[in-house]
Amino acid sequence: MKTIIANWKMNAGVRESVALARGTLLTLRGRVVAPELVICPAFVGLSEVHKVVARSSVSLGAQDVFWEEQGAYTGAVSGRMLTELGVEYVIVGHSERRQTFGETDEQIAKKVALVRSHSMTPIVCVGETRAERDQGLARERVQAQVLSALGEVRLRGREQLMMAYEPVWAIGTGETPDVAEVVQMHEFVRQLVQEVVGETETGSIRVLYGGSVDGENAYQFLREPEIDGVLVGSASVKLNQFKDIVKAAADVLESQFSSSV
Ligand code: PGA
């Protein structure tokens, strides 16, 4: 399977989110083989978008959550509030949260735990900055982020875990790493995660790529067996782009299907 996460960031209010959700559903119309889609509106759009996707194969995700259950935390949104709205996935540790909001590895680990305790699937973002990459420290940084985010995690039963490798320098810049580099980093992350969480079932750990994915380059990432999907930011709010990304995933799935029969 291939998974596409649409991270709308702070780009759509309620009305726009509803329209985008409807448009996103249309990208699947008529497809027999389709990728798994998760759309992540801003908090304010979750309730209305849930109504749009409720009877479809599309799942709802949130862009963040707070790690406490309830209380005097002005402006924060809890896990229970999200599950009440039908949220199944939560992006945790996005680089914009780390950089703009100062989130630390420790806080991210608490969020991962909170998300799992509400039976939602965390989409844990990791990735090096340009400076770390230039110093040859990309793997080290990614390893540190994975270990601190997942140190306490042991997967249970059919529980899923999504990792998104998102080099910070590739987010919103139009620049992407070579596909071969992404594949290597995914192998590294997958192995590391398997060691840490003691994965028992195949497929319970999915590793996605994120950073300037668009309609043009999606196919080259998605056709790699090591890349389980993509996390899309700016191109997810441009429906003509997003349609091409969904098509790229469907083409890959169809070609896998026809070569296996
Ligand atoms: P981008 O964002 O696709 O706009 O680069 C990706 C992300 O922030 O997850």
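That block above? That's the structure.
Quick summary incoming for the structure in this document. (Residues numbered from 1 in each chain as written. Predicted model: local features only at pLDDT ≥ 70, side-chain atom pairs only at ≥ 80, totals over all residues. Heavy atoms only, no water.)

Quick look at the pattern of salt bridges
Where we set the bar: Salt bridge, as used here: a side-chain nitrogen of Lys or Arg that lies within 4 Å of a carboxyl oxygen of Asp or Glu. The helix count covers DSSP runs of H or I at least four residues long, the strand count covers runs of E at least two residues long, and both are numbered beginning at the N terminus. Three exposure classes are used, based on accessible area relative to the maximum for each residue type with a 1.4 Å probe and protein chains only: buried under 20%, partly exposed in between, and exposed over 50%.
The tally for this structure, following the rule as stated, stands at 17 salt bridges. When the shortest N-O distance is used, the salt bridge between D105 and R141 registers 3.5 Å. Note that D105 is positioned in helix α5 (residues 105-117) and R141 in helix α7 (residues 138-150), a separation of 36 residues in sequence. Of the charged contacts, one joins E159 and R116 as a salt bridge, the two residues approaching to 2.5 Å between their closest N and O atoms. On the criterion of sequence distance, the pair formed by E159 in the loop between α7 and β6 (161-165) and R116 in helix α5 is long-range, its members being 43 residues apart. Classification of E159 by relative accessible area gives buried; the value is 15%. Taken together, the salt bridges that share partners define one network made up of D64, R97, E103 and K111.

Considering α5
Convention followed: Here the expected span of a helix is defined as 1.5 Å times the quantity of residues minus one. Between two residues, a contact is recorded if the distance between any of their heavy atoms is within 4.5 Å.
Over its 13 residues, α5 runs 19 Å from end to end, which matches the ideal 18 Å to within 8%, given 1.5 Å per residue. Burial in α5 covers these residues: I108, K111, V112, L114, V115 and R116. On its buried face, α5 sits against α3 (79-84), β4 (89-92), α4 (95-100), β5 (121-126) and α7. A positive phi of about 55° marks S119, the residue just after α5.

Looking at the nonpolar core
For clarity, the cut-off: Put simply, a nonpolar core is a bunch of buried Ala, Val, Leu, Ile, Met, Phe, Trp, Tyr and Cys residues held in one set by side-chain atoms that sit within 4.5 Å of each other.
Counting residues in each nonpolar core, the largest one holds 69 residues, and the members touching the most others are I4, L82, V90, L150, M163, V193 and V197. Among the elements that make up this core, the one with the highest residue count is helix α8 (residues 179-197) (ten residues). Not counting residues up to four positions away in its chain, the partners in contact with V193 are V146, L150, L161, M163, G198 and I205. In this structure, V38, C40, C125 and A164 belong to the second largest nonpolar core, which totals eleven residues.

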